[in-house]
Amino acid sequence: MHFIKIMSRTFAYVRVSKMQQETENQIREIESAGFAIQPHRIITETISGSMPISRRKGFTLLLEKMETGDVLIVTKMDRLGRDAIDVSITVAKLERMGIRVHCLALGGVDLTSSAGKMTMGVINSVAQFERDLLIERTQSGLDRAKSNGKTLGRPNALSESQRKQTIQQIHEGKTIAVIARQFNVSRQTIMRIRDTRHS
């Protein structure tokens, strides 16, 4: 009984965030790592890294082309999502499709393998730690500013005296537009003062 061995196809997903940036460097990096990929299997995309992977047209096209047994090469993990969680979801989805994902920045490890999952777990933990630390530092800074008597948020467009004049002029029947021009502020600013007076 003879079995036909199905050859796995290799794809590459290459993303840059600005039109001025070149995708060639990433393609050369993939070739230097020993992956020979046919041009029609290299998907390039110019889109911000902050965009979730599910909203990237190029990556959606890539998913439509790939099948079980295929291999996807990326130079860095951030090519697969906007953050650690997005990357994890993407890799899990590709694994369910039977697709192996190799990341050159992590030594070419297959992210769907046990070693790859462990590596991603460590990276996700570090990312979560950094997020928590940033939140903690931000909160400490806000608390410190409050204790020093600093007013947080945007400063008022008008001084207390000008706000009183505004309320007086509204009471006298002047229009919002006239008062806004007088103090060189937006109509919304005057309307907010008016609404605050009634609240």
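None of the values given here were measured: they were computed from a predicted structure. (Residues numbered from 1 in each chain as written. Predicted model: local features only at pLDDT ≥ 70, side-chain atom pairs only at ≥ 80, totals over all residues. Heavy atoms only, no water.)

Caption draft 1: Looking closely at helix α6 (residues 176–183). For α6, the complete set of buried residues consists of I176, I179, A180 and F183. Along the axis of α6, the buried positions cluster into a sector of 100 degrees, meaning they face one direction only. Following α6 by one or two positions, N184 has its phi on the positive side, about 55 degrees. (Buried < 20%, exposed > 50% of the residue type's maximum accessible area, 1.4 Å probe, protein only. Helix = DSSP H or I, 4+ residues; strand = E, 2+ residues; numbered from the N terminus. Arc of directions from axis to C-beta.)

Caption draft 2: Representation of the packing of helix α5 (residues 160–171) against α6. Two numbers describe how α5 lies on α6: the axes approach to 10 Å, and their chain directions differ by 155 degrees. It follows that α5 is roughly antiparallel to α6 by the angle criterion. Where α5 crosses over α6, the two elements pack in a sense that is right-handed. Contacts between α5 and α6 involve Q162, Q165, T166, Q169 and I170 from the first element and I179, Q182 and F183 from the second. Its residues assigned to classes, the contact of α5 with α6 comprises 3 nonpolar, 5 polar and no charged. (Axes fitted to C-alpha atoms, helices over the stretch in contact; angles between N-to-C directions. Parallel < 35°, antiparallel > 145°, perpendicular 65-115°, else oblique. Left-handed = near helix turned anticlockwise from the far one by under 90°. Contact = heavy atoms within 4.5 Å. Nonpolar A, V, L, I, M, F, W, Y, C, P; charged D, E, K, R; others polar.)

Caption draft 3: Region of interest: the side chain of D86. One can find D86 in helix α3 (residues 84–96). Beyond its immediate sequence surroundings of up to four residues, D86 is in contact with P52, I53, L80 and G81.

Caption draft 4: Expanded view of the nonpolar core. Grouped together as the largest cluster of nonpolar side chains are 21 residues, with contacts concentrated most on Y13, F59, L62, L72, L80, L94 and L111. Listing elements by their share of this core, those giving two or more residues are β1 (10–16), α2 (57–65), β3 (71–74), α3 and β4 (100–103). Each residue touching L94, except ones within four places of it in the same chain, is listed here: F59, L63, L72, I99 and V101. (Core = buried A, V, L, I, M, F, W, Y, C linked by side-chain atoms within 4.5 Å.)

Caption draft 5: Highlighting the confidence of the model for the protein chain. For the protein chain, the mean per-residue pLDDT works out to 83, and 90% of the residues sit at or above 70. The least confident element of the protein chain, judged by mean pLDDT, is helix α4 (residues 114–147) at 78; the most confident is β3 at 94. In this model, residues 1–5 is a region of pLDDT below 50 whose contacts with residues beyond four sequence positions or in other chains number 0 contacts. (pLDDT = per-residue confidence, 0-100.)

Caption draft 6: Structural detail: the pattern of salt bridges. Counted under the stated rule, the structure contains 5 salt bridges. Among the ionic pairs, D70 bridges to R9, the shortest N-O distance being 2.7 Å. One end of the pair, D70, is in the loop between α2 and β3; the other, R9, is in the segment before β1, and 61 residues separate them in sequence. By relative accessible area, which is 22% here, R9 ends up partly exposed. For the salt bridge of E95 with K117, the shortest nitrogen-to-oxygen distance reads 2.8 Å. Pair noted here: E95 is in helix α3 and K117 is in helix α4, with a separation of 22 residues, a long-range link. Classification of E95 as partly exposed rests on a relative accessible area of 34%. Connected through salt bridges with shared partners, the residues R9, E67 and D70 form a single ionic network. (Salt bridge = Lys/Arg side-chain N within 4 Å of Asp/Glu carboxyl O.)

Caption draft 7: Examining the sheet that holds β1 more closely. As summarised here, the arrangement of the 5 strands in space is β2-β1-β3-β4-β5, forming an open sheet in which the pairing is mixed. Whereas interior strands pair on both sides, the edge strands pair on one side only; in this sheet they are β2 (42–46) and β5 (109–110). The sheet contact formed by β1 and β2 spans 5 bridges and is parallel. Bridge assignment links Y13 to a residue of β2, and that residue is I43. The strands that helix α1 (residues 24–32) touches are β1, β2 and β3; relative to β1, the one it contacts most, it runs at about 150 degrees. (Pairing = 2+ DSSP bridges.)

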